[in-house]
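# Analysis of the macromolecular model
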Amino acid sequence: MGQLQLWLAILVGLSGIVAQEDLYRKVFVFRNDPSDAYVVLRANLEQPLQNFTVCLRSYTDLTRPHSLFSYATKAQDNEILLFKPKPSEYRLYVGGKFVTFRVPEGRGDWEHVCASWESSTGIAEFWLNGKPWPRKGLQRGHTVGAEAAILLGQEQDAFGGGFDVYNSFSGELADVYLWDMGLSPDKMRAAYQSLRLPPAILAWKSLSYEVKGDVVVKPRLREALGL
């Protein structure tokens with residue numbers, strides 16, 4: 001490891017340090033259960049969102065409810081929320097309302113999810129491990145506010161705070177992206193396969209973030225083991 005990389009690894013391991021980094025083949029490890037730790041994501045949102053797609057990869061043995069991606073505004077704490085209340089269910093919130101997607105229980109492996117929404121039709125899409133689930137209707141005509149606190153690891157019940165540690169995430173998160181558009185089916189599958197993707201508001205390969213609490217950046221075990 002070069003000296004610059006070593007210093008960056010040390011800085012990222014310290015709570016409250018802002019970093020911008022290519023996190024390809026790396027993960028955020030949320031070590032404690034329950035946890036008060038989280039990661040703040042920095043994005044330059046120039047205008048409200050009429051459409052969005054959020055994707056991420058998670059690895060956990062939690063069976064209790066937990067938040068994966070929380071986007072709150074001062075007017076609405078669940079402006080965008082990707083939440084897993086139990087192993088067989090995901091919820092997508094937009095503007096405080098949600099739809100449920102029922103899924104097979106995980107088998108102790110990584111799960112890749114993408115959720116997209118468009119205001120004009122209210123159509124919400126959900127993809128699990130590169131496969132689409134039946135589309136549902138949610139908050140037609142809503143506009144997602146631009147002034148947002150975006151967090152991994154906690155559900156916000158107030159702008160930037162109001163956490164319940166029993167909704168916290170414990171485990172590993174990776175490949176987090178947010179776009180201001182709906183992705184095509186080909187791009188949804190490309191996200192699952194870690195292929196080339198369109199420019200994003202939040203991109204794992206150029207992520208600006210701040211660690212708060214006990215979260216560590218580590219290599220993904222599969223790549224580290226050469227599997």
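Treat the numbers as computed from the prediction; the structure is a model and nothing was measured.

### A look at unusual backbone geometry
Peptide bonds are, in most cases, trans, and in most cases residues other than glycine have a negative phi. That bond from D33 to P34 is cis: its omega, -5°, falls within 30 degrees of zero. With respect to the secondary-structure elements, P34 resides in the loop between β2 (26-30) and β3 (38-41). For Q139, which is not glycine, the phi dihedral falls at a positive 55°. With respect to the helices and strands, Q139 occurs in the loop between β12 (136-137) and β13 (148-152). A positive phi angle is found at S194, which is not glycine, with a value near 60°. When you line up the elements, S194 lands in the loop between α2 (185-192) and β15 (207-212).

### Focus on the packing of aromatic side chains
Considering all chains together, one arrives at eleven aromatic pairs under this definition. Residues F28 and W204 carry aromatic rings whose centres are separated by 5.3 Å and whose planes lie at 85° to one another, so their mutual orientation is edge-to-face. Of this pair, F28 sits in strand β2 while W204 sits in the loop between α2 and β15, and the two are 176 residues apart along the sequence. Classification of F28 as buried rests on a relative accessible area of 0%.

### Some thoughts on the confidence of the model for the protein
Taken over all residues, the pLDDT of the protein has a mean of 92, while the share at 70 or more is 90%. For residues 1-14, every residue scores under 50 in pLDDT, and the model assigns this stretch eight contacts once sequence neighbours within four places are set aside.

Conventions we followed
- Residues numbered from 1 in each chain as written.
- Predicted model: local features only at pLDDT ≥ 70, side-chain atom pairs only at ≥ 80, totals over all residues.
- Heavy atoms only, no water.
- Helix = DSSP H or I, 4+ residues; strand = E, 2+ residues; numbered from the N terminus.
- Phe/Tyr/Trp six-rings, centres within 6.5 Å; stacked < 30°, edge-to-face > 60°.
- Buried < 20%, exposed > 50% of the residue type's maximum accessible area, 1.4 Å probe, protein only.
- pLDDT = per-residue confidence, 0-100.
- Contact = heavy atoms within 4.5 Å.

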